[in-house]
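Single-letter residue listing:
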Amino acid sequence: MIEKNFITSGRNTIIHKNRKIDLLVVNGNHPVVIVGHAGIDLYDGVMPTKRSEAKKAYQELLDVSTAEVFGEEKTLIFVQALDNKEYKLDYSKVGTVNFIKVHQQNYI
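What you see is a predicted model; the values in this text were computed from it and never measured.

Enquirer: What's the story with the pattern of salt bridges in this structure? I'm lost.
Expert: Oppositely charged side chains can pair when the atoms bearing their charge come close. Across all of its chains, the model carries two salt bridges by this definition. For the salt bridge of Lys74 with Glu72, the shortest nitrogen-to-oxygen distance reads 3.3 Å. Classification of Glu72 by relative accessible area gives partly exposed; the value is 41%. Among the ionic pairs, Lys93 bridges to Asp90, the shortest N-O distance being 3.7 Å.

Below is the structure:
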């Protein structure tokens, strides 16, 4: 069994659980978001085409539309990062300052 670096909770929450691996959250044609140990931001690097390329760069591709994650594209995703903050990704507000917002300061 392959160990995942994230946990899904509920219908739209992703929990990042490995400090050494960054998650690349892919949601259809929307911008890619990177979740690292220091927080969350838009990803502007080169997208790895294979899983092995991502692994070498200490990244994991997380496509929310796959069956192992949520099974469909989402408009609203909550991400619990390792900096003890929960972020809200509102894909209806892409391109604005409200796209990535801190939802809770301390979720633990």
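Now that the structure is up, let's keep going.
Enquirer: Would you mind showing me how to read the sheet that holds strand 7 (residues 76-80) here?
Expert: For sheets, the rule is that strands pair by backbone hydrogen bonds, running either parallel or antiparallel. Taken in spatial order, the five strands line up as 1-2-7-8-9 in an open sheet, and their pairing is mixed. In the strand order of this sheet, the two ends are held by strand 1 (6-9) and strand 9 (100-104), each with one partner. Averaged over all pairs of adjacent strands, the angle between their axes in this sheet comes to 30 degrees, without regard to strand direction.

Enquirer: Looking at this structure, I do not really get the packing of aromatic side chains. What am I missing?
Expert: Geometrically, a pair of aromatic rings is defined through the distance of the ring centres and the angle of the planes. Enumeration over the complete set of coordinates arrives at one aromatic pair. Residues Tyr91 and Phe99 carry aromatic rings whose centres are separated by 5.2 Å and whose planes lie at 70 degrees to one another, so their mutual orientation is edge-to-face. Comparing Tyr91 with Phe99, the two get one shared label, buried.

Enquirer: Can you help me understand the environment of Arg51 in this one?
Expert: Examined against the element boundaries, Arg51 turns out to sit in helix 1 (residues 51-56). With relative accessibility at 54%, the residue Arg51 sits in the exposed group. As for Arg51 and Leu76, which are separated by 25 residues in sequence, their C-alpha atoms are 26 Å apart.

Enquirer: Can you walk me through the side chain of Asn12 in this structure?
Expert: With respect to the helices and strands, the residue Asn12 is situated in the loop between strand 1 and strand 2 (13-16). Within the structure, the side chain of Asn12 is placed 3.3 Å from the backbone oxygen of Leu76, a separation counted as a polar contact. Contacts of Asn12, omitting those with residues within four sequence positions, involve Phe70, Leu76, Ile77 and Phe78.

Enquirer: What should I look at first to understand the pairing of strand 4 (residues 33-36) in this one?
Expert: Looking along a regular strand, one sees the side chains alternate between the two faces of the sheet. Residues Val33 and Val35 of strand 4 are buried on one face, and the alternating residues Ile34 and Gly36, pointing to the opposite face, are buried as well. As defined by bridge partners, strand 3 (residues 22-26) adjoins strand 4 across three bridges and the pair is classed as antiparallel. Bridging across to strand 4, Leu24 finds its partner in Ile34. The hairpin turn running from strand 3 into strand 4, its antiparallel successor, is six residues long, and Gly28 in that turn takes a positive phi close to 65 degrees.

Reading the values: rules and limits
- Residues numbered from 1 in each chain as written.
- Predicted model: local features only at pLDDT ≥ 70, side-chain atom pairs only at ≥ 80, totals over all residues.
- Heavy atoms only, no water.
- Salt bridge = Lys/Arg side-chain N within 4 Å of Asp/Glu carboxyl O.
- Buried < 20%, exposed > 50% of the residue type's maximum accessible area, 1.4 Å probe, protein only.
- Pairing = 2+ DSSP bridges.
- Helix = DSSP H or I, 4+ residues; strand = E, 2+ residues; numbered from the N terminus.
- Axes fitted to C-alpha atoms, helices over the stretch in contact; angles between N-to-C directions.
- Phe/Tyr/Trp six-rings, centres within 6.5 Å; stacked < 30°, edge-to-face > 60°.
- Polar contact = N/O pair within 3.5 Å; in protein donor to acceptor, adjacent residues only side chain to side chain.
- Contact = heavy atoms within 4.5 Å.

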